[in-house]
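A look at the structure
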Amino acid sequence: MIRKAEASDLEALMGIWLDANVQAHSFIPAGYWQGCYAAVREMLPQAELYVHQGAAEEADAFLGLQGDYIAGLFVREEARGRGAGKQLLDQAKALRPRLALHVYQKNTRAVSFYEREGFAVCEAGVDESTGEAEWTMTWQRRD
């Protein structure tokens, strides 16, 4: 089930955010993500947040939108590969005719996922805060 996030979800979403970043980005020290925790916790409620609620009636994934930009898609480890990310992305696609996001080039699992979902690389760059190469990927609805 997909639903809009509520204030009471914040702690669970932050746990998903931290764990997913550390696991998906082994090429970035875990301390980097831990150091960003407080700032992200403050900014997260400002995004348009959608939560995937798993069978246990708790959040196991979430997606944050800022306009047509996907600020993040994070899935709890045990929920990966089970459709939670796709359902959240489908929700975003239903809400917006165009989407954009940034993804680290070394995060090949995420890059492959977005490509399967119709996103294409449109620009290469470097994330200034980590020094890691990243891609800007975009998706456009075809009516």
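Residues numbered from 1 in each chain as written. Predicted model: local features only at pLDDT ≥ 70, side-chain atom pairs only at ≥ 80, totals over all residues. Heavy atoms only, no water.

The next thing to look at is the UniProt feature "domain: N-acetyltransferase" (unreviewed entry) in the protein. As annotated in UniProt, the feature "domain: N-acetyltransferase" (unreviewed entry) corresponds to residues 1–142 in the numbering used here. What you have in residues 1–142 is 35% helix and 32% strand, and the ends, taken at the C-alpha atoms, are 25 Å apart. (UniProt positions renumbered as here; feature names shortened; annotations may be inferred. Helix = DSSP H or I, 4+ residues; strand = E, 2+ residues; numbered from the N terminus.)

Turning next to helix α4 (residues 108–116). Restricting attention to buried positions, one finds in α4 the residues A110, V111, F113 and Y114. Summarising the axial view, the buried residues of α4 lie within an arc of 160°, below the 170-degree limit, and thus occupy one face. Facing away from the buried side of α4, by more than 90 degrees, are the exposed residues T108, R109 and R116. Looking at the buried residues of α4, the elements they touch are β4 (69–75), α3 (84–95), β5 (98–104) and β7 (133–140). Two residues or fewer past α4, G118 is found with a positive phi of approximately 95°. (Buried < 20%, exposed > 50% of the residue type's maximum accessible area, 1.4 Å probe, protein only. Arc of directions from axis to C-beta. Contact = heavy atoms within 4.5 Å.)

With that settled, consider the pairing of β7. Across 7 bridges, β5 lies against β7 in antiparallel orientation. Its bridge partner lying in β7, L99 is registered against W139. The pairing of strand β6 (residues 120–126) with β7 spans 6 bridges and is classified as antiparallel. Bridge assignment links A124 to a residue of β7, and that residue is W135. (Pairing = 2+ DSSP bridges.)

The next subject is the layout of surface pockets. Quantified by volume, the largest pocket comes out at close to 1300 Å³. N21, H25, G72, L73 and F74 are the residues nearest the centre of the largest pocket, which is lined by 48 residues in total. Mapped onto the lining of the largest pocket, the elements with two or more residues apiece are α1 (10–24), α2 (30–43), β3 (59–66), β4, α3, β5 and α4. The greatest single-element share of the lining of the largest pocket, amounting to 7 residues, is contributed by β4. Counted by class, the lining of the largest pocket contains 28 nonpolar, 12 polar and 8 charged residues. (1 Å grid on protein atoms, 1.4 Å probe; cavity = no way out; pocket = protein on both sides within 12 Å on 5 of 7 lines; lining within 4 Å. Points joined across faces, edges and corners; volume = space filled by probe spheres on them. Nonpolar A, V, L, I, M, F, W, Y, C, P; charged D, E, K, R; others polar.)

Our next topic: the nonpolar core. Counting residues in each nonpolar core, the largest one holds 22 residues, and the members touching the most others are L63, I70, Y114 and F119. Listed by contribution, the elements that provide at least two residues to this core are β3, β4, α3, β5, α4 and β7. Not counting chain neighbours up to four residues away, the residues in contact with I70 comprise L63, G64, L65, L89, L99, A100, L101 and F119. Of all hydrophobic cores here, the second largest spans 19 residues; its members include A20, W33, L44 and V51. (Core = buried A, V, L, I, M, F, W, Y, C linked by side-chain atoms within 4.5 Å.)

On to the side chain of H25. Counting through the fold element by element, H25 comes out in the loop between α1 and α2. According to the relative accessible area criterion, H25 is buried, its value standing at 8%. When sequence neighbours within four positions are dropped, the list of residues in contact with H25 reads W33, Y104 and N107.

Most of strand β2 (residues 48–53) sits inside the fold, with 5 of its 6 residues counted as buried. What sits between β2 and β3 in their antiparallel hairpin is a turn of 5 residues, with E57 showing a positive phi close to 60°.

Summarising the element assignment, R116 is placed in helix α4. As for R116 and H52, which are separated by 64 residues in sequence, their C-alpha atoms are 20 Å apart.

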